[in-house]
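# Structural characterization, general
For reference, the chains in residue letters:
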Amino acid sequence: MPDPRAKPLGMVEGHRTKAEKKKRAEGEAKLRTGIRLQKSPEVKNDPVASAHFNRLKRIFHDVEMDEAFYENGINRYCLMMAEHQRMMAEREKSAGALAELEKTRADGMSADVYFAMRVKLEDALTEKDKTIAKLRDQLLLIERENLMTVQGKLRAVPKRVEKQLTGIAAYKAKMGG
């Protein structure tokens, strides 16, 4: 069964004590700045990053998480997403050039020239793959830490209320037994 503490208070189902609800509501309120997300100049100048930002801003607004608190991370994420898309396009071009080289091999290209070109294209493709993998890892870290998962924000919310002893247990604790 999923842990109900991993959800915002408004989404928690089932019985919660008034003290638990109050503590959760106070913790969640402390994480709100009241200031909305703004695009950085770099994101404004990049149409792909700007489109990603607009989409995320709408999504975060719908779940009431469009806080300036996340602004730097979201801007950085959008720029990295745009860079990732450009790298994928470049990778496709390199893969297309490699496929084209395979076709032209039959057109009388010498083996030395063919293999030299093939090695260069394969090296370029490998470098692009490494860069793309590194970008994906960085994007995943941002998503996991504070941006695309609710858990990032909820980790900072106090979740447990100290249980107050009642009845006989409180009496025993008071009497030292």
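One structure accompanies this document, and this report is about it.

## Observations concerning the nonpolar core
A general feature of soluble globular proteins is that nonpolar side chains tend to end up buried together. Ranked by internal contacts, the top residues of the largest apolar core, which has 19 residues, are Phe53, Leu56, Ile74, Tyr77 and Cys78. Secondary structure elements with two or more residues in this core: α3 (47-62), α4 (71-104) and α5 (111-147). If one sorts the elements of this core by residue count, α4 sits on top with seven residues.

## Some points on helix α1 (residues 18-30)
With 13 residues, α1 should reach 18 Å at 1.5 Å per residue; the first-to-last C-alpha distance of 18 Å fits that figure. The complete set of buried residues in α1 reads Arg24, Gly27 and Glu28. Here the buried residues of α1 occupy an arc of 95 degrees about the axis, which is enough to place them on one side. Residues of α1 that are exposed and angled more than 90 degrees away from the buried face: Lys18, Lys22 and Lys30.

## Side note on the packing of aromatic side chains
The full count for this structure, using the stated rule, is two aromatic pairs. When the centroid spacing of 6.4 Å and the interplanar angle of 15 degrees are considered together, the rings of Phe60 and Tyr70 count as stacked. Of this pair, Phe60 sits in helix α3 while Tyr70 is found in the loop between α3 and α4, placing the two residues 10 residues apart along the sequence. Note on accessibility: Phe60 and Tyr70 belong to one class, buried. When the centroid spacing of 5.0 Å and the interplanar angle of 70 degrees are considered together, the rings of Tyr114 and Phe115 count as edge-to-face. By relative accessible area, which is 6% here, Tyr114 ends up buried.

So, how was this worked out
- Sequence positions are assigned chain by chain, starting from 1 and proceeding in written order.
- Two thresholds apply to this predicted model, a pLDDT of at least 70 for residue-level local features and 80 or more for giving and counting side-chain atom pairs, whereas whole-chain, interface and lining totals are computed over all residues.
- Each side-chain value is worked out from all heavy atoms of the structure, with water and hydrogens disregarded.
- Here the nonpolar core consists of buried residues drawn from Ala, Val, Leu, Ile, Met, Phe, Trp, Tyr and Cys, with membership extended through side-chain atoms lying within 4.5 Å.
- Think of it in three bands: with a 1.4 Å probe and only protein chains considered, a residue is buried below 20% of the maximum accessible area for its type, exposed above 50%, and partly exposed in between.
- Put simply, DSSP H or I for four residues or longer makes a helix, DSSP E for two residues or longer makes a strand, and each gets a number counted from the N terminus.
- A helix is expected to span 1.5 Å for every residue after the first.
- In this context, the arc is that of the directions from the helix axis out to the C-beta atoms.
- Under the pairing criterion, centres of Phe, Tyr and Trp rings, with the six-membered ring standing for Trp, must be within 6.5 Å; the plane angle then separates stacked pairs below 30 degrees from edge-to-face pairs above 60, leaving the rest tilted.

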